[in-house]
Amino acid sequence: MEPILAANADLAWMLAAFVFVLLMFPGLAFFYGGMVGSKNVLNIMSMVISTLGITAVLYVVIGYGLVSGPSVGGWGLIGNPTDFIGLTNWLTDDASGATQTLYFAAWFILFAAITIAIVASGAAGRMKFSAWLVFAPIWLLVVYFPLAHWVFSADVDDDYKGGFLLNKLEIVDYAGGTAVHMNSGVAALALAVVLGARKRRMERPHNVPMTMLGGGILFFGWFGFNGSCALGANFLAQSVILNTLLAGSAGMIGFAIIEKWREGHVTSLGIITGVVAGLVGITPAASSMAPLGALLVGIFAAAVVAFLLSFKSKLKVDETLDAFAVHGIGGIVGTFCIILFATDVAPAGVQGVLFGGDPEIIWRELAGIAITCTYSFVMTWLIAKGLDKVMGIRVDDETEMVGLDTVLHAETAYEIPSASVGHPGGGLGSLLPSAAADSVEKSMPSSTPPAQV
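Residues numbered from 1 in each chain as written. Predicted model: local features only at pLDDT ≥ 70, side-chain atom pairs only at ≥ 80, totals over all residues. Heavy atoms only, no water.

## As for the overall build of the chain
Part 1: Along its length, the chain carries 16 helices and 0 strands.
Part 2: A compact globule built from 453 residues should have a C-alpha radius of gyration of about 22 Å, and the chain, at 22 Å, falls within 12% of that.
Part 3: In terms of overall dimensions, the chain has a C-alpha envelope of 75 × 50 × 45 Å along the principal axes.
Part 4: For the chain, long-range pairs separated by at least 24 residues make up 77% of all intrachain contacts whose partners lie at least 6 apart in sequence.
Part 5: Averaging the coordinates of the 20 positive side-chain charges in the chain and doing the same for the 31 negative ones gives two points 16 Å apart. (Helix = DSSP H or I, 4+ residues; strand = E, 2+ residues; numbered from the N terminus. Rg over C-alpha atoms; globule rule 2.2 N^0.38 Å. Contact = heavy atoms within 4.5 Å. Lys, Arg positive; Asp, Glu negative; His and termini not counted. Charge placed at Lys NZ, Arg CZ, Asp CG, Glu CD.)

## With respect to the side chain of threonine 335
Part 1: Tracing the sequence through the fold places threonine 335 in helix H12 (residues 323-341).
Part 2: Non-local contacts of threonine 335, meaning those with residues more than four positions away in its chain, are made with Met182, Pro284, Glu365 and Ile369.

## Concerning the nonpolar core
Part 1: Membership of the largest hydrophobic core comes to 128 residues, with the highest contact counts inside it found for Tyr32, Met127, Phe135, Trp139 and Leu191.
Part 2: The greatest single-element share of this core, amounting to 15 residues, is contributed by helix H4 (residues 101-119).
Part 3: Dropping the residues within four chain positions of it, methionine 127 is found in contact with Met47, Trp132, Phe135, Leu191, Leu195, Ile393, Val395, Leu404 and Leu408. (Core = buried A, V, L, I, M, F, W, Y, C linked by side-chain atoms within 4.5 Å. Buried < 20%, exposed > 50% of the residue type's maximum accessible area, 1.4 Å probe, protein only.)

## Regarding unusual backbone geometry
Peptide bonds are mostly trans, and most non-glycine residues show a negative phi.
Part 1: Although it is not a glycine, alanine 95 sits at a positive phi angle of roughly 65 degrees.
Part 2: Turning to its location among the elements, alanine 95 is positioned in the loop between helix H3 (41-68) and H4.

## As for the UniProt feature "domain: Ammonium transporter AmtB-like" (unreviewed entry) in the chain
Part 1: The UniProt record marks residues 12-414 with the feature "domain: Ammonium transporter AmtB-like" (unreviewed entry), using the residue numbering of this structure.
Part 2: For residues 12-414, the end-to-end C-alpha separation is 41 Å, with 66% helix and 0% strand making up the annotated structure. (UniProt positions renumbered as here; feature names shortened; annotations may be inferred.)

## A word on a nonpolar patch on the surface
Part 1: Together, Val193, Val317, Val378, Trp381 and Leu382 make up a nonpolar patch on the protein surface, roughly 360 Å² of accessible area in all.
Part 2: Per-element tally for the nonpolar patch: the top contributor is helix H13 (residues 360-390), with 3 residues.
Part 3: Take valine 317: its relative accessible area is 31%, and that puts it in the partly exposed class. (Patch = residues over 30% accessible without salt bridge, like charges linked within 9 Å, V, L, I, M, F, W, Y side chains within 5 Å. Areas by Shrake-Rupley, 256 points an atom, 1.4 Å probe, with all protein chains shown as cover. Salt bridge = Lys/Arg side-chain N within 4 Å of Asp/Glu carboxyl O.)

## Comments concerning the side chain of threonine 211
Part 1: Topologically, threonine 211 is positioned in helix H8 (residues 208-228).
Part 2: Once residues lying within four places of it in the same chain are set aside, the contact partners of threonine 211 are Phe30, Phe31, Gly34, Met35, Leu269 and Ile272.

## Quick look at the pattern of salt bridges
Part 1: Going through the model one piece at a time under the given rule, you end up with 6 salt bridges.
Part 2: Two residues, arginine 198 and aspartate 318, come together in a salt bridge whose shortest N-O distance is 2.7 Å. Residue arginine 198 is found in the loop between helix H7 (177-195) and H8, and its partner aspartate 318 is found in the loop between helix H11 (291-309) and H12; the two are separated by 120 residues along the sequence.
Part 3: Across the salt bridge formed by lysine 199 and aspartate 397, the nearest N and O atoms sit 3.6 Å from each other. Of this pair, lysine 199 sits in the loop between H7 and H8 while aspartate 397 sits in helix H14 (residues 397-402), and the two are 198 residues apart along the sequence.
Part 4: Looking at lysine 199, the relative accessible area reads 48%, which means it is partly exposed.

## Some points on the environment of glycine 76
Part 1: Its place among the elements puts glycine 76 in the loop between H3 and H4.
Part 2: In this structure, the C-alpha to C-alpha distance between glycine 76 and lysine 161, residues 85 residues apart in sequence, is 6.7 Å.
Part 3: The contact partners of glycine 76, leaving out residues within four places of it in the chain, are Ser71, His149, Trp150, Gly162, Gly163 and Phe164.

## What to know about the packing of aromatic side chains
Part 1: All told, the structure shown has 25 aromatic pairs when counted by the stated rule.
Part 2: Ring geometry for tyrosine 59 versus tyrosine 64: centroids 6.2 Å apart, planes at 75 degrees, classification edge-to-face. Like tyrosine 64, tyrosine 59 is buried.
Part 3: Relative to phenylalanine 307, the ring of tryptophan 261 has its centre 6.5 Å away and its plane inclined at 25 degrees; by these criteria the two rings are stacked. In this pair, tryptophan 261 sits in helix H9 (residues 235-263) while phenylalanine 307 sits in helix H11, placing the two residues 46 residues apart along the sequence.
Part 4: For tryptophan 261, a relative accessible area of 61% translates into the label exposed. (Phe/Tyr/Trp six-rings, centres within 6.5 Å; stacked < 30°, edge-to-face > 60°.)

## Overview of the environment of glycine 392
Part 1: Summarising the element assignment, glycine 392 is placed in the loop between H13 and H14.
Part 2: With relative accessibility at 16%, the residue glycine 392 sits in the buried group.
Part 3: Taking the C-alpha atoms as reference points, glycine 392 and alanine 131, 261 residues apart in sequence, are found 7.5 Å from one another.
Part 4: Aside from chain neighbours lying at most four places away, what touches glycine 392 is Lys128, Ala131 and Leu387.

## Regarding the environment of glutamate 398
Part 1: For glutamate 398, the position within the fold is in helix H14.
Part 2: Judged by its relative accessible area of 61%, glutamate 398 is exposed.
Part 3: For the pair glutamate 398 and alanine 348, spaced 50 residues apart in sequence, the C-alpha separation works out to 54 Å.

## Digging into the packing of H7 against H13
To characterise two packed helices, one gives the angle between the axes of the helices and the distance between these axes.
Part 1: It is at 8 Å that the axes of H7 and H13 come closest, and there the two elements cross at 40 degrees. Classified by chirality, the crossing of H13 by H7 is right-handed. From H7, Thr178, Met182, Asn183, Val186, Ala187, Leu189, Ala190, Leu191, Val193 and Val194 reach across to H13, where they touch Gly368, Ile369, Thr372, Cys373, Ser376, Phe377, Thr380, Trp381, Ala384 and Lys385.
Part 2: When the residues that make up the contact of H7 with H13 are grouped by side-chain class, the tally is 13 nonpolar, 6 polar and 1 charged. (Axes fitted to C-alpha atoms, helices over the stretch in contact; angles between N-to-C directions. Left-handed = near helix turned anticlockwise from the far one by under 90°. Nonpolar A, V, L, I, M, F, W, Y, C, P; charged D, E, K, R; others polar.)

Set out below in structure tokens:
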């Protein structure tokens, strides 16, 4: 194939993958939206979708250089934004027919935005929307952009150094197990610590089919997320797409085993949670696993997440939608799988210690986990605590009980006038939508919901 045609083929795949990743935003919005109460569904969905607007502006103005620019001083800590401010220096076609800077800017915007969107898990049902709109850009600047530089920015030459986790510590992280999943999961935990628990902590998921739909859309988008990290239409893309499919599918099995053992039954919410946990686990390991290894990653990641969620009700921290368990712990389990049974016949060429690999991989990967999680938790806690002192980040008790949709957004997700058909002036039809929804929720049989994400 002619070089220009090969480059065009790679570009075509990357453009298609971009659309897959973009679909993860409505996917995550539905996924989270179904798991909160009916009075807060629009709020959490708005928190997720708003990250795209915030990140797009920030990334074009300064973010691209901070992540992908040459490391300041060659230390590998943060990129130099000078040549990338506004991306005005990158508007000329180099005639290669391949992906260029403008594409990568758009692509990295999605990675950054989905990371902060996951963090909304720790704030569901109790954070001021105005505070979220201030927290998100500060968090991107202080937490995500540095971590993304550490993990995603490769050394080019002596004058263009990248991040220290990738180039000096040489961690194995195919598509963002550290900068995206561990980072967002730990940040959600830190935000939940600062906000405190909800007044009605064990609120039932109001729409499980909606959550399953969102999880299915996330599964679809993950093929673009992992597949695009191959940077072209090549063998690596084929390998990681198979491994992504296998791990997500096996995640259902891993979660179901623990749920059956723990509860005596398998739930639909547990099945879709297992899918996401398996996908998170394979994200750092997709290029270093054989197909059988990918199945094990999915089973182990989902089973560990399911087991840990057994203790959720006993913890004081209300990390509402379980991003810490699914993304934080799931990402850590995926990294441990690399340490244990990665195979050098896979594209990454990494050998796990169970197969005779160099034991040095143990301290390198553990150091990457420790640095990522510590930095994310400490900095997120400081940002949230500082904002709480300055502007207050939690809604008042009355707003929380009435519902954030009605008070903060002047909207309700559902109207229920038909509930009073045949009974004019009575029943739910005589109530405000928020009060009617609350009445419906209170009338439902109480039970502790199965594991959430």
